[in-house]
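# Coordinate analysis (summary)
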Amino acid sequence: MRSEPVPPSRFGLGQSVRRVEDQRFLTGHGRFVDDFQFAGQVHAQVLRSPHAHAEIRGIDVTAATELSGVVAVLTGDELAADGIAVIPPGATAQNRDGSDMFVPPRPALAQGRVRHVGEPVAVVVAESIEIARDATELIEVDYETLPAVTDTGSAMDPGAPQLYEGAPRNQCLDWEKGDRAATEAAFAAAAHVSSLELVNSRVVVNPVEPRACIGLWDADGGSFTLYNSGQAAHNVARTLATAVFQLPMERLRVISPDVGGGFGTKNFIYPEQVLVLWAARRLGRPVRWTAQRTEGFLSDTQGRDHVMRAELALDGDGRFLALRIVTTANIGAYVSTFGAMIPTNPVAVVLGGTYDIPAVHYHVREVLTNTVPVDAYRGAGRPEAAYAIERLVDLAAAELGLDPVALRRRNFIRPKAMPYKTAMGSVLDCGEFARVLDRALGQADAAGFAARRAESERRGRLRGLGVASYFEATLGPPNERSAVRFEEDGTVTILVGTMSNGQGHETTYAQILHQRLGLPFEAIRFVQGDTGAIPSGFGHGGSRSMQIGGNALLLAADLIEEKAKRIAAHHFEAQEADIELASGACRVVGTDLAVDLMDLAKIARDPSRLPEGMAPGLDAAGDYAREATTFPNGAHIAEVEIEPETGVVHLRAYHVVDDFGTVLNPMITMGQVHGGVAQGIGQALMEHTVYEGETGQLLSGSFMDYCVPRADDMPTLEVAFEAVPTKTNALGVKGCGEAGCIGALPAVINAVVDALKPLGIRHIDMPATPERVWRAIRAATSGD
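Every chain is numbered on its own, with residues counted from 1 as its sequence reads. It should be noted that, the model being predicted, local features are given only for residues of pLDDT at least 70 and side-chain atom pairs only at 80 or more, the latter also being counted only at that level, while totals for whole chains, interfaces and linings use all residues. To get the side-chain values, take all heavy atoms of the structure and skip hydrogens and water.

### Topic: the domain arrangement of the chain
The condition is simple: Source of the domain bounds: an automatic or database domain assignment. Contacts were defined at the residue level, with two residues in contact if any of their heavy atoms lie within 4.5 Å. Each of two parts loses accessible area, computed with a 1.4 Å probe, when they are put together; buried area is these two losses added. Amino acid classes used here: Ala, Val, Leu, Ile, Met, Phe, Trp, Tyr, Cys and Pro are nonpolar; Asp, Glu, Lys and Arg are charged; the rest, including Gly, are polar.
Its domain assignment divides the chain into domain 1 (412–422 + 429–474 + 629–784) and domain 2 (476–625). Taking only C-alpha atoms, the centre of domain 1 and the centre of domain 2 are 40 Å apart. Taken residue by residue, the interface counts 16 residues in domain 1 and 15 residues in domain 2. The contact between domain 1 and domain 2 buries some 1,100 Å² in all, and 55% of this surface belongs to carbon and sulfur atoms. For domain 1, the biggest contributors to the area lost against domain 2 are Leu 664, Ile 668 and Leu 731; these three give 37% of the whole. Residues that form the side of domain 1 that touches domain 2 fall into these classes: six nonpolar, eight polar and two charged.

The following block contains the structure:
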């Protein structure tokens, strides 16, 4: 039986405890991959294709090999000769007819043909990075260029260049979910249908720390160690060992130290990880690689890039009858780790959103193009779904002459309907969608918007208010392990299989353990991202860490309490039923006999002081399996002002009310929302990934051409929480890491369109850059 938790303290759950990890980050004591140095190390530089599509007719490495300081120059020929396997996807899907999707082979170095600008062609290993870079300039590659295709919408056109013989019309997957017949019947009976063609634009992820890895080879043990800036150490180890190098997983240790942001893009298997390990084994020396920013633009997985046709059927009373979406999803030149999965079920699972929609059908075709592979990016499918739904709701309201807020309220899933099974099979256990929206509207002073709009009009500006009621699902692997180890120096170590890359896990996990067992907060240490120290784990992704890892930690704490009570009973010669755990100590009920948990840990190390048959140690591990998906939700309200003469969009106000269930640390949670909203605003207003159509060159390949939000682009973000705790896990948490990005896309674009609505503009695609907005205004007012 679980004891009552300790009374709330300044380090307990629900408290805005400052992130303990920030002390080392702010004082320059963080340790990232590039900070690790090894005796005898050498440096790798990758030669990348300058062409989007070309045959490799020959590679001459003679001059590069002869450069002083060069240790090796390796190409795809050596890679194949050494039997290094291709990089496999981590997940695939089946076509509608039940056949397997097409998955092209992806070697770590191109063999015979390159299919996107930036694809690795050769790797130079040298005594310094400067020498390695110079040597790559000396490699001569004979290319025969081929026609390229980069545009998502035209990739399946009959005359489009083909990337692979096995993928006719460049289609690698044809997938659907939902009741097609019921959806078509509902549309046939509808009083009104709103339709919208929209683009969920491609983004470059750009974490502040670029990707980096260091490969080491232990010849005596026949094993690798990989230092990797990543989000999923065990997944990387498992794939590289078993699939690429054909070794048992225990012979490839992955260490991911501090990670400077990931947002999904550091979850995956990349050629450079293969290259540093392979080169380290060939050379018997540590091999290191760190991406330059331009390399990141050309080689990091990118996000989104969907072209969608979305339709909403309504009856005569404005109630939603059915939703139908057909998507073409660009997954780039190769199938990245989860690239094939993201446009499928992660989108489908939340289609319908917060609304009672009886019938939904989703059809997606994935296409291969001569672009950098696309994979999960913050939200991973759920932003794509929310954007389509919330834009449709606003469009339907405009076409029917209804207030968009009233239309939402009319169609929300009611709390009394919970548990509610959506048309896509998701089961919602709780949610107060109208209450959350109403609080957001009050917080944003929506009632005073008309006056603010009139004031803007007097200054010649256009003002708009955008509302989005978003809904997401926490995804990712459903299992996780958390362990607690009592150290001899009086500290307690939490070991988790999840992976923080900026989310504050070091603080929040410690709060959970402190709250549950009363252990001193300052004595708690944290270990993650090391497959040699942690036997299993599934890393970070899908806003899963607190729901899965946090509840696993609770199970470990339960086992510690059970052990502690048994040891304390033996120590005091009392009945175990008379022992209670409170405020970090076990005490005999009704007496002043008590022993601190930290002292019990010392007792537990001495077998002579334990009950007969009990194994020494107070350490414990908890294995948790997700019982049910959780569904964070909330309302975003954006207010914009537009300069008609320039098309510049100013975000004047931004309000968020989120239901994340139990909020474990409000300050950290608010920071997660702020970051997500900033990324959503970036995609909605300024981040524009541009490939040149004929050559496939990335024209927005640096921060000179690719705009990300700066401090002066951001309004003050007003964030509040309206918690409706879930009963599907003991912590009551729903997840928060991706929500800000999910709600921001439709809220901002709905606001822009609301501002432009008096001009007759019904939609504008992301990003709503000044040029795009200016052109839309000119087209609407020119009379052409």
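Now, onward.
### Quick word on helix α6 (residues 233–244)
Residues separated by three or four positions in an α-helix point in the same direction, a consequence of the helix having 3.6 residues per turn. Definition in use: Runs of H or I in DSSP of at least four residues are treated as helices and runs of E of at least two as strands, each being numbered from the N terminus. One less than the number of residues in a helix, times 1.5 Å, gives the span that helix is expected to have. Burial here depends on accessible area, computed with a 1.4 Å probe over protein chains only, as a share of the maximum for the residue type. Under 20% is buried, over 50% is exposed, and the range in between is partly exposed.
A rise of 1.5 Å per residue sets the reference length of α6, with its 12 residues, at 16 Å; its end C-alpha atoms lie 16 Å apart and thus fit the reference within 8%. Taken together, the buried positions of α6 are occupied by Ala 233, His 234, Asn 235, Val 236, Ala 237, Leu 240, Ala 241 and Val 244. Structurally, α6 contributes buried residues whose contacts are with β10 (223–228), β11 (252–255) and α7 (271–283). One or two residues past the end of α6 sits Gln 246, with phi positive at roughly 55 degrees.

### Structural notes on the nonpolar core
Applicable threshold: Grouping buried Ala, Val, Leu, Ile, Met, Phe, Trp, Tyr and Cys residues that are joined through side-chain atoms within 4.5 Å yields what is termed a nonpolar core.
Counting 115 residues, the largest nonpolar core has Leu 351, Tyr 654 and Leu 685 as the members making the most contacts within it. In terms of residue count, helix α18 (residues 739–756) provides more of this core than any other element does, 12 residues in total. The contacts of Leu 685, once residues within four sequence positions are left out, are Val 649, Leu 651, Val 748, Val 752, Pro 767, Ala 768 and Thr 769. One finds Met 546, Leu 600, Ile 603 and Ala 620 within the second-largest nonpolar core, a separate group that totals 46 residues.

### Details of the packing of helix α17 (residues 666–685) against α18
Each pair of packed helices can be summarised by the angle the axes make with each other and by the distance between the axes. This is how it is decided: Simply put, an axis is a line fit to the C-alpha atoms, just over the touching stretch for a helix, and the angle between two N-to-C directions goes from 0 to 180 degrees. Roughly parallel means an angle under 35 degrees; roughly antiparallel means over 145; roughly perpendicular covers 65 to 115; every other angle is labelled oblique. Should the near helix be turned anticlockwise from the far one by less than a right angle, the crossing is termed left-handed; should it be turned clockwise, right-handed.
Following both chains from N to C, one finds α17 and α18 inclined at 40 degrees, their axes separated by 7 Å at the closest point. Here α17 lies oblique to α18, going by the angle between them. In this structure, α17 crosses over α18, and the sense of that crossing is right-handed. The residues of α18 that touch α17, namely those facing Val 673, Gly 676, Val 677, Gln 679, Gly 680, Ile 681, Gln 683, Ala 684 and Leu 685, are Gly 740, Cys 741, Ala 744, Leu 745, Val 748, Ile 749 and Val 752. By residue class, the composition of the contact of α17 with α18 is 11 nonpolar, five polar and no charged.

### Quick look at the packing of aromatic side chains
For clarity, the cut-off: Between the rings of Phe, Tyr and Trp (Trp by its six-membered ring), a pair exists once the centres lie within 6.5 Å; its type follows the angle of the planes, with under 30 degrees stacked, over 60 edge-to-face, and the other angles tilted. Either the NZ atom of lysine or the CZ atom of arginine qualifies as a charge over a ring when it sits within 6 Å of the ring centre and within 35 degrees of the ring normal.
The tally for this structure, following the rule as stated, stands at 18 aromatic pairs. Between Phe 25 and Phe 32, the aromatic rings sit 6.0 Å apart at their centres with planes inclined by 25 degrees, giving stacked as the arrangement. Classification of Phe 25 by relative accessible area gives partly exposed; the value is 31%. For Phe 32, a relative accessible area of 24% translates into the label partly exposed. Ring geometry for Phe 297 and Tyr 706: centres 5.7 Å apart, planes at 75 degrees, overall edge-to-face. Of this pair, Phe 297 sits in helix α8 (residues 293–299) while Tyr 706 sits in the loop between α17 and β28 (717–721), placing them 409 residues apart in sequence. Exposure class is identical for Phe 297 and Tyr 706. Each is buried. In this structure an aromatic cluster arises from ring pairing among Phe 320, Tyr 355, Phe 412 and Phe 433. Lying over the aromatic face of Tyr 270, Arg 211 brings its terminal NZ or CZ to 3.7 Å of the ring centre. Lying over the aromatic face of Trp 217, Arg 281 brings its terminal NZ or CZ to 5.7 Å of the ring centre.

### Notes on the sheet that holds strand β25 (residues 620–625)
Condition: For two strands to be treated as a pair, DSSP must find no fewer than two bridges joining them.
Taken together, four strands build an open sheet; the order of strands is β21-β20-β19-β25 and the sheet is mixed. Two strands in the sheet have a free side with no partner beyond their single neighbour: β21 (524–527) and β25. Taken pair by pair, the neighbouring strands of this sheet meet at an average axis angle of 20 degrees, ignoring direction. Here six bridges tie strand β19 (residues 479–486) to β25, and the two strands are oriented antiparallel to one another. Looking at the pairing, Val 484 lines up with Ala 620 of β25.

### Notes on the pattern of salt bridges
So the rule is basically this: Here, a salt bridge means any Lys or Arg side-chain nitrogen found within 4 Å of an Asp or Glu carboxyl oxygen.
Within this structure, the stated rule accounts for 53 salt bridges. We note a salt bridge from Glu 641 to Arg 461, for which the minimum N-O separation is 3.7 Å. Residue Glu 641 is found in strand β26 (residues 633–642), and its partner Arg 461 is found in the loop between α13 (449–458) and β18 (462–471); the two are separated by 180 residues along the sequence. Judged by relative accessible area, which is 1%, Glu 641 ranks as buried. Salt bridges sharing partners connect three or more residues here, namely Asp 445, Arg 452, Glu 455, Arg 459, Arg 461, Arg 463, Glu 639, Glu 641 and Arg 652.

### Concerning the side chain of Asn 633
Assignment of secondary structure puts Asn 633 in strand β26. Since its relative accessible area comes to 1%, Asn 633 is described here as buried. The residues touching Asn 633, leaving out its near neighbours within four places in the chain, are Phe 433, Val 436, Tyr 470, Phe 471, Asp 658, Asp 659 and Lys 734.

### A short note on the environment of Ala 585
Residue placement: Ala 585 occurs in strand β23 (residues 585–588). Put simply, Ala 585 and Asp 599 are 14 residues apart on the chain and 9.0 Å apart in space, counted from C-alpha to C-alpha. In this structure Ala 585 touches Glu 580, Val 595, Asp 596 and Leu 597, once residues within four positions along its chain are discounted.

### Side note on the sheet that holds strand β15 (residues 359–367)
One open sheet accounts for five strands, arranged β7-β15-β14-β13-β8; its pairing is mixed. Edge positions in the open sheet fall to β7 (171–178) and β8 (192–200), since each of these has one partner strand only. Across this sheet, the average inter-strand angle for adjacent strands is 10 degrees, counted without regard to direction. Inspection of the sheet shows β8 paired to strand β13 (residues 306–314) by nine bridges, in the antiparallel sense. In the strand pairing of β13, Leu 198 is matched with Met 308. Helix α10 (residues 382–400) rests against β8, β13 and β14 (320–330) of the sheet, and its axis sits at about 140 degrees to β8.

### With respect to the environment of Gly 284
As for its placement among the helices and strands, Gly 284 is situated in the loop between α7 and β12 (287–290). The exposure class assigned to Gly 284 is exposed, which follows from its relative accessible area of 53%. For the pair Gly 284 and Asp 218, spaced 66 residues apart in sequence, the C-alpha to C-alpha distance is 8.0 Å.

### A look at the packing of helix α15 (residues 545–572) against helix α16 (residues 597–604)
One can describe the packing of α15 onto α16 by two numbers: an axis separation of 10 Å at closest approach and a directional angle of 80 degrees. In terms of orientation, α15 lies roughly perpendicular with respect to α16. Contacts between α15 and α16 involve Ala 564, Ile 567, Ala 568 and His 571 from the former and Leu 597, Leu 600, Ile 603 and Ala 604 from the latter. When grouped by side-chain class, the residues that make up the contact of α15 with α16 number seven nonpolar, one polar and no charged.

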